[in-house]
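# Fold and geometry: a report
Here's the letter readout for the chains.
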Amino acid sequence: MQTISVTPSPAAKPIVLTGDRTTGPLHLGHYVGSLQARVRLQHEAEQFLLLADTQALTDNTGQHRKVTESVIEVALDYLAAGIDPQQSTMFIQSQVPELAELSQLLLSFVTVSRLERNPTIREEIRLRGFERDMPAGFLVYPVSQAADITAFKANLVPVGDDQLPMIEQANELVQSFNRCVGQDVLVPCEALLSKVTRLPGIDGKAKMSKSLGNAIALGASAATIKKAVNRMYTDERHLRIEDPGRVNGNVVFTFLDVFEPDVVSLNELKAHYRRGGLADSVLKRRLESHLQELIRPMREARERYAADKGQVLCMLRQGTAKARERAAATLGEVKRAMGLCYFD
Ligand code: TRP
């Protein structure tokens, strides 16, 4: 992890806010990209974890059931990965109307051309083939994300590198708002990037993604994990065991770089593979055993929580109530600073 000093005053704990769109269960890419960091951060910071159902709807209105049903799935993944509801506040975005109100106010501080310049949005528009048919809510989701962050006065946001433009835009909004009202009401934030910002898919494609069908879910069965590792590309020219093999671009090695804790033995393995005489199956069994060991406890914990969804909903209800209180306090300050307080 990058170490950043963000503590505004020596006594104050950093405030962390991050979250995920609820479009399906989480996978290993989420785990190494940010979930792992959140499990660690919950002991050092005050942490809010957002189940971003409203944001997920901005490009999934046709599949609103999938979005709402995934709220509990993502919560199960958080718990399975080690998020402790006593330490972290998990909450549901759509159930905190203060966030929608704050977004609405912030929208007046950004131009359409600035929204259209956001590189992540541009890439997503390209991937989804949106032209003028883009849902307006999609174009402005970075503003809603800025509301998510600023409502909690979060100063640290653990995210993947694709989210950096969102942080930049949030900070521009903070600056414009504060300048407009002449007070530091909203707080700027910093992104916290993990060392592994992007795990490739098992097919070697740039990003692990459920929709690309190249992901390993955190609740994957032992058989699924085995199949996924067996499907990974190695070096297509490494036909016989004696042949020298390529390490760069070899998906199994890319994964071993992330999941093999013994660097010395990994380097030996790479040298042996390059020389020739090392079977792909040896690499794959090594990787598989690490993945099985990592995922087994998560799968088991996930099954335990899934057996008592009422308890999980109760945690979410409590978390959401706490989040609402906090967001309402900031919204109150924002409205007062703008003079939107006629009856006080
Ligand atoms: N955009 C994030 C994702 O794609 C989810 C998200 C919504 C978020 N609001 C946020 C992340 C605020 C960090 C901070 O998963």
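The text that follows walks through the structure, step by step, so that each part is easy to find. All of these numbers come straight from a predicted model, not from anything done at the bench.

Rules behind the numbers
Residues numbered from 1 in each chain as written. Predicted model: local features only at pLDDT ≥ 70, side-chain atom pairs only at ≥ 80, totals over all residues. Heavy atoms only, no water. Near = heavy atom within 4 Å. Polar contact = N/O pair within 3.5 Å; in protein donor to acceptor, adjacent residues only side chain to side chain. Helix = DSSP H or I, 4+ residues; strand = E, 2+ residues; numbered from the N terminus. Nonpolar A, V, L, I, M, F, W, Y, C, P; charged D, E, K, R; others polar. Buried < 20%, exposed > 50% of the residue type's maximum accessible area, 1.4 Å probe, protein only. Contact = heavy atoms within 4.5 Å. Phe/Tyr/Trp six-rings, centres within 6.5 Å; stacked < 30°, edge-to-face > 60°. Lys NZ or Arg CZ within 6 Å of the ring centre and 35° of its normal. Expected span 1.5 Å × (residues − 1). Axes fitted to C-alpha atoms, helices over the stretch in contact; angles between N-to-C directions. Parallel < 35°, antiparallel > 145°, perpendicular 65-115°, else oblique. Left-handed = near helix turned anticlockwise from the far one by under 90°.

The local shell around the ligand holds 14 residues, among which L50, Q55, Q145, D148 and Q163 are the closest. For the ligand, a nitrogen atom lies 2.8 Å from a polar atom in the side chain of D148. At 3.2 Å from a nitrogen atom of the ligand is found a side-chain nitrogen or oxygen belonging to Q163. In terms of residue count, strand β1 (residues 15-21) provides more of the shell around the ligand than any other element does, five residues in total. A class-by-class count of the residues in the shell around the ligand yields six nonpolar, five polar and three charged.

Okay, helix α11 (residues 251-259) next. When α11 is considered as a whole, its buried residues turn out to be V251, V252, F253, F255, L256 and F259. Residues of α11 that are buried make contact with α1 (28-41), α12 (263-275) and α13 (280-306). Residue N250 occupies the N-cap position of α11, its side-chain oxygen lying 3.1 Å from the main-chain nitrogen of V252.

The next subject is the packing of aromatic side chains. According to the stated counting rule, one finds seven aromatic pairs in the structure shown. On the numbers, 5.1 Å between centres and 45 degrees between planes, the contact of F91 with F152 is tilted. Residue F91 is located in strand β3 (residues 88-92), and its partner F152 is located in the loop between α8 (141-151) and β4 (156-158); the two are separated by 61 residues in the primary sequence. Judged by relative accessible area, F91 falls into the buried class, the value being 0%. One aromatic cluster is present, formed by F48, F91 and F152 through successive ring pairs. Stacked on the ring of Y141, the Lys or Arg R21 has its end atom at 4.4 Å from the ring centre.

Our next topic: helix α9 (residues 164-181). Between its first and last C-alpha, α9 extends 26 Å over 18 residues, near the 26 Å set by a 1.5 Å rise per residue. Those residues of α9 not exposed but buried are P165, M166, I167, Q169, A170, L173, V174, F177, N178 and V181.

Here we take up the packing of helix α4 (residues 97-106) against α8. Viewed as axis vectors pointing N to C, α4 and α8 meet at an angle of 120 degrees, and their least axial separation amounts to 8 Å. Taken together, the axes of α4 and α8 lie oblique to each other. For α4 against α8, the interelement crossing comes out right-handed. In contact with L99, L102, S103 and L106 of α4, α8 contributes V143, S144, A146, A147, D148, T150 and A151. Among the residues making up the contact of α4 with α8, the classes are represented as seven nonpolar, three polar and one charged.

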